[in-house]
Amino acid sequence: MHASAADVDVVVQAGHQGRPASCAPLHVKKCNLGASSAAGLERAWTPIVADATARALRADGWRVARRPADYRARDRARFAAFIHFDGAIPACASGASAGFPLGNDSAPATRWRAFYAPQFPFTFRGLNITTNESGYYGFRNVDAPEKLLIEFGELTCPRQAAWMKPRLVHLGGTLARFIEAELRR
Ligand SMILES: [Zn+2]
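Being a predicted model, the structure only gives us computed values, none of them experimental. (Residues numbered from 1 in each chain as written. Predicted model: local features only at pLDDT ≥ 70, side-chain atom pairs only at ≥ 80, totals over all residues. Heavy atoms only, no water.)

1. Overview of the coordination of the zinc ion
Applied cut-off: Sites may look incomplete, because water is not among the atoms used; the donor set itself consists of N, O and S atoms within 2.8 Å of the metal (3.2 Å for Na, K and Ca). Burial classes follow relative accessibility: with a 1.4 Å probe on protein chains only, a residue under 20% of its type's maximum area counts as buried, one over 50% as exposed, and anything between as partly exposed.
Taken together, His-16 (NE2), Glu-42 (OE) and His-84 (ND1) make up the full set of protein donors to the zinc ion, lying 2.1 Å away. Relative accessible area serves as the criterion here: at 2%, Glu-42 is assigned to the buried category.

2. Here's the deal with the packing of aromatic side chains
Basically, it comes down to this: For this analysis, a ring pair means two rings from Phe, Tyr or Trp (six-membered ring only for Trp) whose centres lie within 6.5 Å, classed as stacked if their planes differ by under 30 degrees, edge-to-face if by over 60, and tilted for the remaining angles. Secondary structure elements are taken from DSSP: a helix is a run of H or I of four residues or more, a strand is a run of E of two residues or more, and numbering for both begins at the N terminus.
Taken as a whole, this structure holds 16 aromatic pairs when the rule is applied. Considering the side-chain rings of Trp-112 and Phe-178, the 5.1 Å spacing of their centres and the 75° angle between planes classify their relative orientation as edge-to-face. Here Phe-178 lies in helix H5 (residues 168–183) and Trp-112 lies in helix H2 (residues 107–116), a separation of 66 residues in the sequence. Using a relative accessible area of 0% as the deciding quantity, one classes Trp-112 as buried. Among the residues examined, Phe-178 registers a relative accessible area of 3% and is labelled buried. Consider the rings of Tyr-116 and Phe-152, whose centres lie 5.5 Å apart with planes at 90°: the pair is edge-to-face. Here Tyr-116, found in helix H2, pairs with Phe-152, found in strand S10 (residues 146–154); they are 36 residues apart in sequence, far enough to count as distant. Judged by relative accessible area, Tyr-116 falls into the buried class, the value being 0%.

3. Some thoughts on the state of the cysteines
This is how it is decided: Our working definition of a disulfide is a cysteine sulfur pair at a distance within 2.5 Å.
Under the counting rule described, the total for this entry stands at two disulfides. Shown here is the disulfide that connects Cys-23 with Cys-31, its sulfur atoms set 1.9 Å apart. On the sign convention where negative is left-handed, the bridge of Cys-23 and Cys-31, at about 85° about the S-S bond, is right-handed. Taken in N- to C-terminal order, the disulfide-linked cysteines of the chain are connected 1-2, 3-4.

4. Digging into the side chain of Ser-94
As a reminder, the rule being used: N or O atoms closer than or at 3.5 Å make up a polar contact, with two conditions inside protein: a donor-capable atom paired with an acceptor-capable one, and, for residues adjacent in sequence, both atoms drawn from side chains. Contacts are assigned to residue pairs with any non-hydrogen atoms lying within 4.5 Å of each other.
Looking at the element boundaries, Ser-94 is found in the loop between strand S6 (79–86) and strand S7 (96–99). Of the polar contacts made by the side chain of Ser-94, one reaches the side chain of Asp-86; its length is 2.6 Å. Aside from chain neighbours lying at most four places away, what touches Ser-94 is Asp-86, Ala-88, Thr-123, Arg-125, Glu-154 and Gln-160.

Structure (C-alpha cells):
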C-alpha cells in the first residue's frame, strides 16, 4: 500500500486484491470487492494468476511491479495488465472480455482477443463492452503505452468456473507469453 513508484517493463495488477482493507485508507469510494460464487472469490483468484504472470516474466529477465487493487504509487511501464474475472446476472450471461483506455490504440486488446479466444472454450464477448472496462480505475495508476484489463471468464458461470479454477497458474503463464510477445514487437 505504501509502495513507491516503479519504473519497470510490466505492471501486473491483481483486481480487487487487498480489499476491503485497502479502500478506507486510500479513500476508494467504490470499493468493489469483485465477483463471487460457490467456486470462489474473484479477489482470491486474481493474485494466483498475477503471481504466476509476474514469476514467468521475472524468470525471463523482465522487470515487474506486482500490484494489488489499491496503492499509492503511480508506476511507469511498457505494458500494464489488470487481471479480473467477470460476474453476471443471470449466471452464464457473460464470458471473457477485455478493456483498454478510451483513446488508446485498440491493437493490443485485439491481439489479446486473437490470442486468448481460441484457448477459452466459452464465449469471448468483446472489447470495452462496459464503461467499467474502458474507464477502469486502475488505468490511472500507471503510465504505459499499453494497458489491458482482462476478464479471463465468468466466475459466476459454473461451467466456466470449473474450467478456469484448475488453470489459474496456467492462465498466468499464458498471459506472460502474450506480454513478452508485445514487449518484443
Ligand atoms: Zn473484477
